[in-house]
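# Report on the structure
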Amino acid sequence: MATSIDVSDLNIYYGDFLAVEGVTIPIAARSVTAFIGPSGCGKSTFLRSLNRMHEVVRGARVEGKVLVDGEDLYGDDVDPVDVRRMVGMVFQRPNPFPTMSIYDNVLAGQRLNSKRMKKTDADDAVERALRSAGLWAEVKDRLDRPGSGLSGGQQQRLCIARAISVEPEVLLMDEPCSALDPISTIVIEDLIHELKAQYTIVIVTHNMQQAARVSDTTAFFNLAGVGMPGRLVEHGATEKIFSNPDESATEAYIQGRFG
Amino acid sequence: MTVVEVSRHPVRRLGDRVFAGASTGAAITILATLAGVAIFLTVEGVPGILASPDEVKSGESFLPYVGPLVFGTLLAAAIALVIAVPVSIGVALFISHYAPRRLAAVMGYLIDLLAAVPSVVYGLWGIGFLAGKLVAPYGWLEEHLGFLPFFAGPASATGRTILTVGIVLAVMILPIMTAICREVFLQTPRLHEEAALALGATRWEMARLAVFPHARSGIISGAMLGLGRALGETMAVAMVLSASGVVSWNLISSTNPSTIAANIALSFKEASGLTVNALVASGLVLFVITFVVNVAARLVVDRRKDFSGADA
Ligand SMILES: Nc1ncnc2c1ncn2[C@@H]1O[C@H](COP(=O)(O)OP(=O)(O)O)[C@@H](O)[C@H]1O
Ligand SMILES: [Mg+2]
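Every residue gets a number counted from 1 within its own chain, in the order that chain's sequence is written. Lettering of chains starts at A and numbering of ligands starts at 1, both following the order in which they are written. At least 70 in pLDDT is required for a residue's local features to be given in this predicted model, at least 80 for side-chain atom pairs to be given and counted, and no such filter applies to totals for whole chains, interfaces and linings, which use all residues. To get the side-chain values, all heavy atoms of the structure are used, and hydrogens and water are removed first.

The name that an unreviewed UniProt entry assigns to chain B is Phosphate transport system permease protein, with the source organism given as Aeromicrobium terrae. UniProt positions are given in the numbering used here, feature names are shortened, and annotations may be inferred rather than shown by experiment. Listed in UniProt under the heading Subcellular location (unreviewed entry), the comment for chain B reads: "Cell membrane".

Within an unreviewed UniProt entry, the label attached to chain A reads Phosphate ABC transporter ATP-binding protein, and the organism entered is Aeromicrobium terrae.

So, on to the pattern of salt bridges. Whenever a carboxyl oxygen of Asp or Glu lies within 4 Å of a side-chain nitrogen of Lys or Arg, that contact is scored as a salt bridge. The full count for this structure, using the stated rule, is 17 salt bridges over all chains. Across the salt bridge formed by arginine 48 of chain A and glutamate 194 of chain B, the nearest N and O atoms sit 2.9 Å from each other. Separated into two different chains, arginine 48 of chain A in helix α1 (residues 43–49) and glutamate 194 of chain B in helix α6 (residues 190–198) make up a pair that spans both. Using a 1.4 Å probe on the protein chains alone, a residue whose accessible area is under 20% of its type maximum counts as buried, one over 50% counts as exposed, and one in between counts as partly exposed. Using a relative accessible area of 10% as the deciding quantity, one classes arginine 48 of chain A as buried. The residue lysine 57 of chain B makes a salt bridge to glutamate 270 of chain B at a minimum N-O spacing of 3.8 Å. Taken together, the positions of lysine 57 of chain B in the loop between α1 (14–50) and α2 (62–98) and glutamate 270 of chain B in the loop between α9 (260–267) and α10 (274–303) put the pair 213 residues apart, joining distant regions of the chain. One network of salt bridges, in which partners are shared, links Arg48 of chain A together with Arg190, Glu193 and Glu194 of chain B. Every helix listed is a DSSP run of H or I at least four residues long, and every strand listed is a run of E at least two residues long, numbered separately from the N terminus.

This next bit is on the site of ligand 1. Residues and elements named next belong to chain A. The nearness test applies per residue and asks whether one of its heavy atoms lies within 4 Å of the molecule or strand. For ligand 1, the full set of nearby residues is Tyr14, Phe17, Ala19, Ser39, Gly40, Cys41, Gly42, Lys43, Ser44, Thr45 and Val57. In this structure, tyrosine 14 approaches ligand 1 through a side-chain N or O atom, which is 3.2 Å from a nitrogen atom. In protein, a polar contact requires one atom able to donate a hydrogen and another able to accept it; more generally it is a pair of N or O atoms within 3.5 Å, and residues adjacent in sequence count only if both atoms are side-chain atoms. The contact in question runs from an oxygen atom of ligand 1 to an N or O atom on the side chain of threonine 45, over 2.4 Å. Elements represented by at least two residues in the shell around ligand 1 include exactly β2 (17–27) and α1.

Our focus in this paragraph is a negative patch on the surface. In this scheme, patches are assembled from residues that exceed 30% relative accessible area and form no salt bridge. Like charges are connected within 9 Å, while nonpolar side chains (Val, Leu, Ile, Met, Phe, Trp, Tyr) are connected within 5 Å. All accessible areas in this document rest on Shrake-Rupley with a 1.4 Å probe, and a residue is counted as covered only by the protein chains that are shown. The convention is simple: Lys and Arg are positive, Asp and Glu are negative, and His and the chain ends are not counted. In plain terms, the charge of a residue is placed at NZ if it is Lys, CZ if Arg, CG if Asp and CD if Glu. A surface patch of like charges, here negative, comprises Asp69, Glu71, Asp76 and Asp77 of chain A. In this fold, aspartate 69 of chain A is placed in the loop between β4 (60–68) and β5 (71–72).

A few words on the UniProt feature "transmembrane region" (unreviewed entry) in chain B. The UniProt feature table records "transmembrane region" (unreviewed entry) at residues 18–42, 62–95, 107–131, 161–181, 234–252 and 272–297 of chain B. Note that residues 107–131 of chain B is 88% helix and 0% strand, and that its end C-alpha atoms are spaced 27 Å apart.

Moving on: the packing of helix α3 (residues 102–113) of chain A against helix α4 (residues 119–132) of chain A. All names here are of chain A. Interaxial angle, 0 to 180 degrees, is taken between N-to-C directions of lines fitted to C-alpha atoms, where a helix line uses only the stretch in contact. Running from amino to carboxyl end, α3 crosses α4 at an angle of 100°, the nearest separation of the two axes being 10 Å. The orientation of α3 with respect to α4, classified from their angle, is roughly perpendicular. Along the contact surface, α3 presents Ile102, Tyr103, Val106, Leu107 and Gln110, while α4 presents Lys119, Ala122, Asp123, Ala125, Val126, Ala129 and Leu130. The cut-offs work like this: below 35 degrees is roughly parallel, past 145 is roughly antiparallel, 65 to 115 is roughly perpendicular, and the gaps in between are oblique. Should any heavy atoms of two residues lie within 4.5 Å, those residues are considered in contact.

This paragraph deals with the environment of phenylalanine 291 of chain B. All names here are of chain B. Within the secondary structure layout, phenylalanine 291 lies in helix α10. Looking at phenylalanine 291, the relative accessible area reads 54%, which means it is exposed. The spatial distance from the C-alpha of phenylalanine 291 to the C-alpha of leucine 31 is 14 Å, given a sequence separation of 260 residues.

It is worth spelling out the interface of chain A and chain B at this point. Facing 29 residues of chain A, the contacting portion of chain B comprises 22 residues. By convention, the term buried area covers the 1.4 Å-probe accessible surface removed from two parts as they join, with the contributions of both added. On the chain A side of the interface with chain B, the three residues burying the most area are Phe97, Thr99 and Leu112 of chain A, jointly 27% of the side's total. The interface formed by chain A and chain B contains two salt bridges. Here chain A is connected to chain B by five residue pairs in polar contact (both at pLDDT 80 or more). Put simply, the parts of the chain that give the side of chain A that touches chain B at least two residues each are α2 (80–86), β6 (87–90), α3 and α6 (152–165) of chain A. Charged residues are taken to be Asp, Glu, Lys and Arg, nonpolar residues to be Ala, Val, Leu, Ile, Met, Phe, Trp, Tyr, Cys and Pro, and polar residues to be all remaining types, Gly included. A class-by-class count of the residues in the side of chain A that touches chain B yields 16 nonpolar, five polar and eight charged.

Residue and element names in this part refer to chain A. For helix α7 (residues 182–195), with 14 residues, the first-to-last C-alpha span of 20 Å sits near the 20 Å given by 1.5 Å per residue. For α7, the set of buried residues is Ser184, Thr185, Ile188, Glu189, Leu191, Ile192 and Leu195. Projection of α7 onto a plane perpendicular to its axis shows the buried side chains occupying an angular sector of 160°, all on one side. Exposed positions of α7 whose direction lies more than 90 degrees from the buried face are Pro182, Ile183 and Glu194. On its buried face, α7 is in contact with β3 (32–36), α4, α6, β7 (170–174), β8 (200–204) and α8 (208–214). Capping the start of α7, aspartate 181 holds a side-chain oxygen 3.1 Å from the backbone nitrogen of isoleucine 183, two or three residues further along. What a helix is expected to span follows from its residue count: subtract one and scale by 1.5 Å. What the arc measures is the spread of directions leading from the helix axis to the C-beta atoms.

On to the side chain of serine 258 of chain B, then. Topologically, serine 258 of chain B is positioned in the loop between α8 (235–240) and α9. Excluding its chain neighbours within four sequence positions, the residues that come into contact with serine 258 of chain B are Pro68, Leu69, Gly72, Thr73, Leu241, Ala243 and Asn263 of chain B.

On to helix α3 (residues 101–115) of chain B, then. All names here are of chain B. Taking 1.5 Å as the rise per residue, α3 with 15 residues should run 21 Å; its terminal C-alpha atoms sit 21 Å apart, in good agreement. Buried within α3 we find Ala104, Gly108 and Ile111. Taken around the axis of α3, the buried residues stretch over an arc of 65°, which confines them to a single face. Along α3, the residues that are exposed and aim more than 90 degrees away from the buried face are Arg102, Ala105 and Tyr109. Where the residues of α3 are buried, they touch α2 and α5 (162–186).

What follows is about the UniProt feature "domain: ABC transmembrane type-1" (unreviewed entry) in chain B. UniProt records the feature "domain: ABC transmembrane type-1" (unreviewed entry) at residues 70–297 of chain B, using the numbering of this structure. Here residues 70–297 of chain B is 76% helix and 0% strand, with 19 Å between the C-alpha atoms at its ends.

Residues and elements named next belong to chain B. A contiguous nonpolar patch, built from Val120, Val121, Leu124, Ile127 and Met235 and spanning about 380 Å² of accessible area, is present on the exposed surface. Here the element with the most residues in the nonpolar patch is helix α4 (residues 119–145); it accounts for four residues. Its location among the elements puts leucine 124 in helix α4. Exposure remark for leucine 124: the relative accessible area of 52% places this residue in the exposed category.

Attention now moves to the pairing of strand β10 (residues 230–237) of chain A. Residues and elements named next belong to chain A. At least two DSSP bridges between two strands are required for those strands to pair. For strand β9 (residues 217–223) and β10, the ladder comprises seven bridges, and the chain directions are antiparallel. Along β10, the bridge assignment pairs alanine 219 with histidine 235. Here β9 hands over to β10 after six residues, with glycine 227 in that stretch at a positive phi of 75°.

All names here are of chain A. Extensive coverage of β9 is indicated by the burial of five of its seven residues. When β3 meets β9, the two strands line up parallel, connected through four bridges. Of the residues in β9, the one forming a bridge with threonine 33 is threonine 217.

Structure, rendered in C-alpha cells:
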C-alpha cells in the first residue's frame, strides 16, 4: 500500500516569486524522510507541493514533475482532491475542527469519501485510527467532547488520527512537534516509528536531534542567498548526512554553525 | 527611570477614565431609551387592550383584533426569511470563497449599495413591477400545487399577496444578511480551511467542514437582524399588500392578513381615542415579538458554546 515518490526538476512559485528551485529527490516507500534547513528555505513550500496544497495559495504554481507510484500528481487529468485523499497532511499548529467532537473529527475525512457508514463500522474506524495515533486510552471516555478541549499534544495526535483514518498512502508532517512540549514530542516521535510500517512519511523539522532520531533519509535545504530561491543541497541516509555529509554547508548547518 | 509604585488603587489615566465614563453613559442611555419605549407602549397600550369592542373603530375586542395581525406579521417575515437565508448564504459564500477577487469586490460593493436603498423604493418596485409579474406564476401554482393549502387560490388578479410581500421583504433583507455572512465567512481561520482541504475536501465540502461551523453564530445573528427588519417593515408592506384582516395560510389569494406595522401606518391618521391606544397596544405586541425572537436566537447561539471554537 505504501508508495514511493519521485520528484524531478521541481520549481515552485508564489506568483512571480520563485521560492524553491530545481528539486530532484526520490522518496522511498515505507520510510521516514526528514527535511531540514534554515527557516525560509522552502521546506514547507516543497512539502505542500507533494499533496497539491501549495496551489491553495492565490497565484501559487509549480513546474516540474512529482511522480507518486509512477503517476504524475500534476498531470492534466489529475484532480487535486484525489491527490489529497491519497497524500495526507499534518500541520505545524494542531487544527482539529473546533465545532466537532473528537469522534466526528476522526471521521471527517471518511465522511467525505464514502456516503454512509454503519454505526459499528464508524465506531471501529474511530477506534482503529485513535489507537494508531496513540490517543485511544486518553479519549475513549469522552469521544463526544469537542476536540478543541484536548491538550496541544493530544490535539496533534487527534489530527494524525484524522489524517490516517482515510488510509492515505503518504503522510506529510510540517514541523508537527514545534508547538508541543517535550513529552508530547517524544510520544509523536514514537508514533512516527510505528506508522512507518504502513505509510511513507515525510517530515519537516527544525530540530536536528529529531531528524536524527526519526528519519531514515535526510534532505538538507538551503538558500543560495537573500532573496534567492531555496534549493535542495543534498540528501542521503540519515547516518551519513549527520556523520559525513558531502557538502560543507550541510556540515556547517548540522554542527549549528549557522541557521 | 522612575520607580513604579504599586498601590492598592491603581492609578488610571485620564483617557481611560473618560472612555470608561463615556461608554458607561452610552450604555445607560440605550437602556433608558429602551425602558422609556417599553413604558410608553405599556402605559398607552393597556387602555387599548382593555377597551370594549364598541369603543374602538374595529368593533372587536383586542385579542381577535390583533391576532390576525400577529399572524400576518409572522407569516410575511417567515416567508422572507425562508427565501433570504439560503440565498444570502449562497451569495456570501460565492463572494468569499468562489468568485475571482475582482468580481468579489464588485459584488460586495453592489450589495452594500443595495442595503442603502430606502424601503419605499422596494415598495414601489413590489407594487409597480413584481406584483404584476407574479400574477401568471401564481395562476400556475394554483393549478399545479393547489392541493397544498399555501397555494389553494383563487390566485389574486393583482399579485398583491402576502407571498409577494414576503418576496419583497426577502429582497430587502438580503443585502444586510449577505454582508454579515460574507464578513464572517472571510474570517474563517485559514488553519481550518486547510485542514479540510488536506483531507481531500472539495470547495463545497470545505465550506461545510470549516466555513459554516465557524460562521454559525454569525449567520444566526444576520438572520435575526433580517428578521427584525422584516417584522417591523412598514412602507413596503403597506404599499404592496391588499389586506383584509383574515387568518389564512393561502399565500396567493387576494384576501391576506395584514401586518402590525403596516396596519399601524395605514390606520393611525384616522384613529382617535381608544383606537389609538389599541394601535399602540399592537405596537407593544410587536415589541414583545421582536424581543422574544432575539432572546431565542441568543439561546440558540449559546447552546453549543463548548463547540463554538471561540477559544480554539
Ligand atoms: N503564502 C505565501 N506567499 C508568498 N510567499 C510565501 C508564502 N509562503 C511562503 N512564502 C515564501 O516562500 C519562501 C519559503 O517559505 P517556507 O516554505 O515557509 O520556508 P520554511 O518552511 O523552510 O521555513 C520564503 O521566502 C517565504 O517568504
Ligand atoms: Mg515551514
